[in-house]
Amino acid sequence: MKTPRLPRARVLVPTLAAVAVLGAGGAFWATSASADDHVTGDRRDQVAAAAEKAAGGTATEVEHSDDRGTAYEVEVRLEDGSEVDVELDEDLAVLRQDQDDDTDDRDDDRALTDTERTSAEEAALEAVGSGTVTDVEAEDAGSYSVEVRADDGTEWDVDLDADFEVLDKHVDD
């Protein structure tokens, strides 16, 4: 009994093409759906330096902007602990600079002393390994909450007790 055979190329080529198209589409979707807006590497350093020069502080967060005409959004912490939002174009020219009005629930937190801030930052960095502290808050119960961006870009939440001992640390989702 003779069974008809389909030529391999007639089946194989369209199948491979479909797999390639689906794979590329899936990769694009996965990248765009979970794209991290944080700027990394040398470009992050360049963007941060431009924002720091404009605002006069330390860049704590550098992100790509989704606003038309704005390439980057940078949070800069000033010496007094306040924050400034700086928007830059692709050529790193400052487009806008505003005092950060992100008050979320910080009104309920007590003010930190310089010693508390330094101790909390050091303890959190030691817990995570290395990175940049992006936020430190003193909680009502004498504990501290610290946000750290590790050198690999991972964002950590570190909770400390009143003696700056780690109570909990976890990757921020």
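Residues numbered from 1 in each chain as written. Predicted model: local features only at pLDDT ≥ 70, side-chain atom pairs only at ≥ 80, totals over all residues. Heavy atoms only, no water.

With respect to the overall build of the protein
Looking only at helices and strands, the protein has three helices and eight strands in total. The order of α-helices and β-strands along the protein, N terminus first, is α-α-β-β-β-β-α-β-β-β-β. Sequence separation of at least 24 residues holds for 30% of the intrachain contacts in the protein that already meet a minimum separation of 6. Summed over all atoms, the accessible surface of the protein reaches about 11300 Å², with 50% contributed by carbon and sulfur. (Helix = DSSP H or I, 4+ residues; strand = E, 2+ residues; numbered from the N terminus. Contact = heavy atoms within 4.5 Å. Areas by Shrake-Rupley, 256 points an atom, 1.4 Å probe, with all protein chains shown as cover.)

Here's the deal with the sheet that holds strand β1 (residues 58-64)
Taken in spatial order, the four strands of this open sheet run β1-β2-β3-β4, and their pairing is antiparallel. Looking at the sheet topology across the chains shown, the edges are occupied by β1 and β4 (94-99). The mean angle between the axes of side-by-side strands here comes to 20°, regardless of whether they run parallel or antiparallel. As defined by bridge partners, strand β2 (residues 72-77) adjoins strand β3 (residues 83-88) across six bridges and the pair is classed as antiparallel. Note that in β3 the partner of V74 across the bridge is V86. Across the sheet, helix α2 (residues 41-55) is in contact with β1, β2, β3 and β4; its angle to β1 comes to roughly 125°. (Pairing = 2+ DSSP bridges. Axes fitted to C-alpha atoms, helices over the stretch in contact; angles between N-to-C directions.)

Focus: the confidence of the model for the protein
With 73% of its residues at a pLDDT of 70 or more, the protein has an overall mean of 79. Note that residues 28-35 has pLDDT below 50 and, in this model, one contact with residues that lie over four places away or in other chains. Within the model, pLDDT remains below 50 along residues 103-107, and this stretch shows two contacts once partners closer than five positions in the same chain are excluded. (pLDDT = per-residue confidence, 0-100.)

Focus: the packing of aromatic side chains
Inspection of the entire model under this criterion finds one aromatic pair. Aromatic pair Y144 and F164: ring centres 4.7 Å apart, planes at 20°, arrangement stacked. Of this pair, Y144 sits in strand β6 (residues 144-150) while F164 sits in the loop between β7 (155-160) and β8 (166-171), placing them 20 residues apart in sequence. The class for F164 is partly exposed, based on a relative accessible area of 22%. We note K169 situated over the ring of W156; from NZ or CZ to the ring centre the distance is 5.4 Å. (Phe/Tyr/Trp six-rings, centres within 6.5 Å; stacked < 30°, edge-to-face > 60°. Buried < 20%, exposed > 50% of the residue type's maximum accessible area, 1.4 Å probe, protein only. Lys NZ or Arg CZ within 6 Å of the ring centre and 35° of its normal.)

Observations regarding α2
Given a rise of 1.5 Å per residue, 15 residues ought to cover 21 Å, and the 21 Å separating the end C-alpha atoms of α2 matches this to within 8%. Those residues of α2 that sit buried are R44, V47, A48, A50, A51 and A55. Buried residues of α2, seen end-on, are gathered within an arc of 160° and therefore sit on one face of the element. Away from its buried face, by an angle of more than 90 degrees, α2 presents the exposed residues D42 and K53. For α2, the elements touching its buried residues are β1, β2, β3, β4 and β6. Residue G56 follows α2 closely and has a positive phi angle near 80°. (Expected span 1.5 Å × (residues − 1). Arc of directions from axis to C-beta.)

Regarding the side chain of E83
Secondary-structure assignment places E83 in strand β3. Setting aside residues no more than four positions away along its own chain, E83 makes contact with E75, V76, R77, D98, Q99, D100 and T134.

Some thoughts on helix α3 (residues 114-128)
When the terminal C-alpha atoms of α3 are compared, their 21 Å separation across 15 residues agrees well with the 21 Å that a helix rising 1.5 Å per residue should span. Taken residue by residue, α3 has E116, A120, E121, A123, A124, A127 and V128 as its buried positions. Along its buried surface, α3 packs onto β2, β5 (131-138), β6, β7 and β8. Positioned one or two residues after α3, G129 has a phi angle of 120°, which is positive.

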